[in-house]
Amino acid sequence: MSFARSFSETYAQARGKFLAAVDRAGLDAESHVHPLRGSEDEALAMDVVLDGPRDARRLLLITSACHGVEGFCGSGIQVALLHDDAWRQATRDAGVAVLYIHALNPWGFSWCRRVTQENVDLNRNFHDFSKPLPANPGYDEIAALIVPPTWPPSDEVNAKLQHLLEERGLAALQAAISGGQHSHPQGLYFGGLNPTWSNQTLRQVLREHGRACERLGWIDLHTGLGPSGHGERIFACRDDATALARARDWWGSGVTSIYDGSSSAARLTGMMWLAAYDECPQAEYTGIALEYGTLPMMDVLNSLRADQWLENHPETPEAVRTQIKRQLREAFYTDTDAWKQRVVEQAKAASDAAVQGLRG
Ligand SMILES: [Zn+2]
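First, a word on scope: everything that follows refers to the structure included in this document. (Residues numbered from 1 in each chain as written. Predicted model: local features only at pLDDT ≥ 70, side-chain atom pairs only at ≥ 80, totals over all residues. Heavy atoms only, no water.)

Structural notes on the coordination of the zinc ion
Inference 1: Within the protein, the zinc ion binds to His67 (ND1), Glu70 (OE), Glu70 (OE) and His222 (ND1); these donor distances fall in the range 2.1 to 2.6 Å.
Inference 2: Geometry at the zinc ion is irregular, judged from its 4 donor atoms and the angles of 54 to 148° they form at the metal.
Inference 3: All donors of the zinc ion come from a single chain, and their spacing in sequence reads H-x2-E-x151-H. Of this pair, His67 sits in the loop between strand S3 (58–63) and helix H2 (71–82) while His222 sits in strand S5 (residues 215–228), and the two are 155 residues apart along the sequence. Across the pair, His222 and His67 agree in class, each one buried. (Donors = N, O, S within 2.8 Å, 3.2 Å for Na, K, Ca; no water. Tetrahedral: all angles 85-135°; square planar, octahedral: opposite > 155°, others 65-115°. Helix = DSSP H or I, 4+ residues; strand = E, 2+ residues; numbered from the N terminus. Buried < 20%, exposed > 50% of the residue type's maximum accessible area, 1.4 Å probe, protein only.)

Put into structure tokens, the structure is as follows:
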């Protein structure tokens, strides 16, 4: 199967290819059905497949569509891996079980949104909600500029943003915008006020599958940041020097970190993989986000601003809606054979490295 054929045009097609690959591999999928329907009235689910024994001491998670629309990339990678018999044999030989979670946020995947049905960024939603949520005064200050009342933005909004950009720099603005916020439910990078369906379902999956292992690895597939086609390996553990050293031992010295500013991602709060510590406390956990570049950062940000504005204005004419959705998809998925080949090759290399690392 060529790399390109692992990728899909829609969520429904992606789910079909994933389940067909699971079937071909002689495995069984466990489907956690979502309460809502998809954009083509299809069923939505978080599909979970274990390739290996249930009591494996070494477990590798490979997950897609934490950020819905980014699932076009992640799903294609998962399907390609399931079709790779040599890779599957290597995991068995190493005594590593692989848990594929297809579409952590199936609603966002189907409806071409980065967020969940609660308008929540799943990777900012993993908080202890019994405690006060972090404030983000930097976002509060610019909320009305980031998602303005009109789209395209007025000249006044553009001028104010340009002024802030020159005054504070792109990195500071990026941190304020993307770090996560809990005060603007109709804004960007909203972390929510309680656990989303995807959060609760993922935790259940981790409890069911992640309690037997001694060592747990996790590769979470993302897109939309960095140079086109390049997969940045972003450290996805707590700010812990031992874990960072282990991640760099497994995946190379090029592993970047949001804690020391070496990553193209800003410092975030409420990150998803914190659930590994909560739900699999017995395991030694090591993870990365594999983040593939698509378009320049401002193009990606503007596509998200437009999409949130569209969400806040459901009366928008169909032609405008279609154009905004096309832009959003292009911001998170590059529909060329060359890009797909590069992302699969890098995912395969990272997965091989994780298996070697878990084997120890
Ligand atoms: Zn992402």
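Moving on, there is more to tell.
Concerning the packing of aromatic side chains
Inference 1: Counted according to the given criterion, the structure contains 11 aromatic pairs.
Inference 2: Considering the side-chain rings of Tyr11 and Phe109, the 5.3 Å spacing of their centres and the 70° angle between planes classify their relative orientation as edge-to-face. Of the two residues, Tyr11 sits in helix H1 (residues 11–24) while Phe109 sits in helix H4 (residues 106–110), which places them 98 residues apart along the sequence. We note that Tyr11, like Phe109, is buried.
Inference 3: Ring centres of Phe72 and Tyr333 lie 5.4 Å apart, and the angle between their planes is 25°; on these two criteria the pair is classed as stacked. Taken together, the residues span a long stretch of sequence, with Phe72 in helix H2 and Tyr333 in the loop between helix H12 (318–332) and helix H13 (337–359) at a distance of 261 residues. Judged on exposure class, the residue Phe72 and its partner Tyr333 are both buried.
Inference 4: Lying over the aromatic face of Tyr277, Arg238 brings its terminal NZ or CZ to 3.9 Å of the ring centre. (Phe/Tyr/Trp six-rings, centres within 6.5 Å; stacked < 30°, edge-to-face > 60°. Lys NZ or Arg CZ within 6 Å of the ring centre and 35° of its normal.)

So, the sheet that holds S3
Inference 1: The strand order S1-S2-S4-S3-S5-S7-S6 describes an open sheet built from 7 strands, whose pairing is mixed. Where the open sheet ends on each side, the last strands, each with one partner, are strand S1 (29–37) and strand S6 (231–235). Between one strand axis and the next, the sheet turns by 20° as a mean value, whatever way the strands run.
Inference 2: Here S6 runs beside strand S7 (residues 284–293); their pairing, made up of 5 bridges, is antiparallel. Among the inter-strand pairings, Phe235 is bridged to a residue of S7, identified as Ile288. (Pairing = 2+ DSSP bridges. Axes fitted to C-alpha atoms, helices over the stretch in contact; angles between N-to-C directions.)

Focus on the pattern of salt bridges
Inference 1: Using the criterion set out here, one finds 25 salt bridges in the structure.
Inference 2: Across the pair Arg15 and Asp47 runs a salt bridge, and its minimum N-O distance is 2.7 Å. In this pair, Arg15 sits in helix H1 while Asp47 sits in strand S2 (residues 43–51), placing the two residues 32 residues apart along the sequence. For the pair shown, Arg15 and Asp47 are each scored as buried.
Inference 3: A salt bridge links Asp121 to Arg114, with the shortest nitrogen-to-oxygen separation between them at 2.9 Å.
Inference 4: The exposure class of Asp121 is buried, given its relative accessible area of 0%. (Salt bridge = Lys/Arg side-chain N within 4 Å of Asp/Glu carboxyl O.)

Observations regarding H13
Inference 1: Here H13 spans 33 Å end to end across 23 residues, near enough to the 33 Å set by a 1.5 Å rise per residue.
Inference 2: Downstream of H13 by a residue or two, Gly360 has a phi angle that is positive, lying close to 70°. (Expected span 1.5 Å × (residues − 1).)

Topic: the environment of Val49
Inference 1: Within the fold, Val49 resides in strand S2.
Inference 2: The class of Val49 is buried, set by a relative accessible area of 0%.
Inference 3: Between the C-alpha atoms of Val49 and Ile77, which are 28 residues apart in sequence, the distance is 14 Å.
Inference 4: Excluding its chain neighbours within four sequence positions, the residues that come into contact with Val49 are Phe18, Val22, Leu27, Asp28, Ala29, Val98, Leu99 and Tyr100. (Contact = heavy atoms within 4.5 Å.)

Re helix H7 (residues 170–178)
Inference 1: If you check which residues of H7 are buried, you get Leu173, Gln174, Ala176, Ile177 and Ser178.
Inference 2: Packed against the buried residues of H7 are helix H5 (137–146), helix H6 (155–168), S5 and helix H11 (297–312).
Inference 3: Gly180 sits one or two residues past H7 and shows a positive phi near 115°.

All quantities given are derived from atomic positions and should not be read as evidence of function.
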